Amino acid sequence: MENRGEDHRKRTDGRSKLPRPAETRDDRGESGPEGRRKPGFERRADGRGPRPERGGKGPERRPRGRELAAVQDLDEELLRLVMRRARLLDRLRVGDRLDPDVEKTLRVSWEEKAARLTRDARLARELFRLLQAVEPLSHAEEEQLFYNLAPALKPVDIRLPAPADTDAARCWMALAASAGHGLSLARVPLTDAVVDAVKVLNQMGGQLWWEEDGTILSRGGSGLTRGMDKVLHVGDDAFNLWLVIALSLNIPSRFKITGASSLRFLDLAPLSHFLPELSARLTTVVPGQHGLPIRLECAGMVPDTVSLPAGLPPDFVAALVLAAPFRERPARFILPESGPAARPPLLDTVLTVLAEAGVTVEWNERSLTVLPGLPGLPEKPELPMHILLATTLLALPALSGGRTRLEGPWASTRAAALARRLLECAGLELHADRTGILSTRSTRQGQPAPPDAEIMRGLAAEAPALLPLAVLLTALAARSGRPAALTAVPTEEIENCEAFLARLGLLMDERGELKAREERDEAPDSAWLAPSASWAVALALGAFLRPNLRLANPGVLTGLFPGFWALYNTLPSPEFAHKKAEPPDVKPARRRIIAQGVYGELPPEPPAGDDC
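Described below are features of the structure shown in this document. No experiment lies behind these values; they were computed from the predicted model shown.

### Some points on the pattern of salt bridges
A full pass over the atoms with the stated rule returns 19 salt bridges. The partner of Arg107 in a salt bridge is Glu111, with the nearest N and O atoms 3.8 Å apart. With Arg107 and Glu111 both in helix α2 (residues 100-114), this residue pair falls 4 residues apart, about one helical turn. Two residues, Arg129 and Glu126, come together in a salt bridge whose shortest N-O distance is 2.9 Å. One end of the pair, Arg129, and the other, Glu126, are both in helix α3 (residues 121-133), 3 residues apart, so they sit about a helical turn from each other. Through salt bridges with shared partners, a single network forms among Arg343, Asp348, Arg414 and Glu462.

Right, here's the structure in full:
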C-alpha cells in the first residue's frame, strides 16, 4: 500500500479510514441532515447514494466566443483562398476549358497531399471535384455583396418577340447537322448551352454558326462524320451530352467526351449498364467518378427494338427518339411502366419537331416506333416560345398591372398547358392567336387564386422550372388576403420554398398554409443565394410585392437568358423593344461569329466531312 504519511486507522472490516477534522461533520451518516445532499442524490438500499441524474451531458456549454470568431475568420480566409485558386485555374484554361493533362496532374497532386490529412479517399475526391467546379469572380463582383431588386412599380407595357425555346432549337440543330441540311432559326437566346451545342455539333461534322441577333444557321454538309476519334466538349448542359451520345450510337465512332465541372456530378452508371444493349460501351476516365469525362465506343449496330429501363435519364430517352430517323430500319422503343422515363417531359418537344420535319412516329400503348428517313427540313422552322421566360413576362400584369404582348407561337406541350392554367389562376386573361399571345389582368375573376394541388403536382412532374413561379403566385394570393396553401411541393424543394417565402414576409406552417410573419418594415438584410435560375426569376418578380429584395448571384440568370437584366432594369417598357429604325441609306454592320478553335471549326466548302 502506498504510504503518503497519512495516519490510517483500522476499521473493523479491515479497511482503513482517513481521519476527518473534528470540526467537520459527516453528512453521509444516517444521522446527517438530508437537506445537505445534492438534489437527486437519494440513498439506495445498499447505503450508497446514486449518481446524480443527468439529462444528457449536463448543462449545455456555449461555444467560446473567441474560438467561434476564430473559426468564422478561418472560413472567410478559406473562401478567399478558394476564389484565388479559381482565378489561377482560369489562367490555365484554353478556350474556356482545362487541358486534360493539366487536370490530371492537379488531381494526382491533390490526392497525394490529401492522403496525409484524411484516410477517406471518397471525401478527398469530392472535395477536389467541388473545388474544380468553383467559377472565378471578378474583384468587383467579389466586393458587391448583393444585387438590389427594385423594379419600377408601374403598369407594364411589353411588346416583344418572345425568346425561343432553346431545347427545340437544339433539336433542330441536331437534325440539320446529322442530315446535312440547310436551316435558319430565329429568336434563339445565345446561352452557353446553345453556343456549346453549335460547337460540339460542328466537331461531329455539322456546319453551323450563330449571329449576334440570335440567328442560328446551317450551311448543310454531308452529315455526321463516321469513324470519329477525337475529344468532344459538351459544355455544362446535360441535354448536349445526351444529344451527342444518342447521335453517335448510329455510326461507328470512338471518342472522349468532356464537359464543364457541373457535369462531373452526373451519375452515368445506369447509362453505362444500358449502352451494351445498343452495341456501345461507356467508361469513366477518373477512377471512382461516375460523371464526365468519359470514353464512348459505338459499333453503329443498334437493335430494332429496345426496352428502356426506368433508371435512364428522361432527357436521354427523348434524345434517343430524336436520333432514331437516322437508322436504317424502324426503331421501336418500349418505355418503362413507371418513373420519369415513362413519359419524359422533353419528349413532347421532340415529337413536335419530328412531326414538322415529316418523320412518322407510331404510338402503341407504352411503345413508339420511329420510321427511318428524314423527308426534308423546313428552311425556317418556327420555334415555340421559351416556356419559363414567356410565363415570366406574361405574369407581370398580375403583379403590376398593364399588359404583355409576345410575338411567336405558344408551345403545344404539356408544360405549356400547365403554364397557361397557372397564369389563369393568377387572375390573368390570355388571348392567343397565330402571331402571339396577350396577357392582361382579368376584370371578372377578382383577387388572384393560388394554384391547386393538381397544378402543383403537374408542374413538379412535367415542368419543375415553373414551380418557383407557382410559389410566387401563391404568395401573391396570400398577400391579397385569400387563403393560400402549398400542399403539393416536392420534399426536396420545401427548404427553398421556406427561404423564398421568408423574403416575401410569409411563413409556411406544417399544413402548408401561408401566413404573414412578424418582421421589420424593411427587407431582410441577408442576400439570397438562389439555388437555380428559376428561383432567381421568381425573386426578381417577388420584388414587385416587396421591393429591395437582394439577390446574391444575379449571374445565374445569364445562363437562362443573357438579356434578362437589360429587360428587367428597363421596365415597365423595355428600351430594346422600341428601337428606332435605321436610316434607309445606312446598312448596319453585320458581325458573324463562327465556331472555331478547340471546339471544332467550320468546314470549308465543299465540305470534307471531318473538321480536324
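### Re the sheet that holds strand β14 (residues 361-364)
With respect to topology, 4 strands assemble into an open sheet ordered β12-β13-β15-β14, the strand pairing being mixed. What marks the edges here is a single partner per strand, and that holds for β12 (305-307) and β14. Between one strand and the next, the sheet's axes are offset by a mean angle of 15°, whatever the strand orientation. Of the strand pairs in this sheet, strand β13 (residues 331-334) and strand β15 (residues 367-370) are connected by 4 bridges, and their pairing is antiparallel. Within the sheet, the bridge partner assigned to Ala331 lies in β15 and is Val370.

### Focus: the sheet that holds strand β8 (residues 231-233)
Spatially, β8-β9-β11-β10 is the arrangement adopted by the 4 strands of the open sheet, whose pairing is mixed. The open sheet has two edge strands, β8 and β10 (280-284), and neither has a second partner. The average undirected angle you get between the axes of adjacent strands in this sheet is 25°. Both strand β9 (residues 253-258) and strand β11 (residues 294-298) contribute to a ladder of 5 bridges, which runs antiparallel. Residue pairing for β11: Ile257 is matched across the bridge by Ile294. Running over the sheet, helix α7 (residues 238-248) touches β8, β9, β10 and β11 and is turned about 175° from β9.

Quick notes on the rules
Residues numbered from 1 in each chain as written. Predicted model: local features only at pLDDT ≥ 70, side-chain atom pairs only at ≥ 80, totals over all residues. Heavy atoms only, no water. Salt bridge = Lys/Arg side-chain N within 4 Å of Asp/Glu carboxyl O. Helix = DSSP H or I, 4+ residues; strand = E, 2+ residues; numbered from the N terminus. Pairing = 2+ DSSP bridges. Axes fitted to C-alpha atoms, helices over the stretch in contact; angles between N-to-C directions. Contact = heavy atoms within 4.5 Å.

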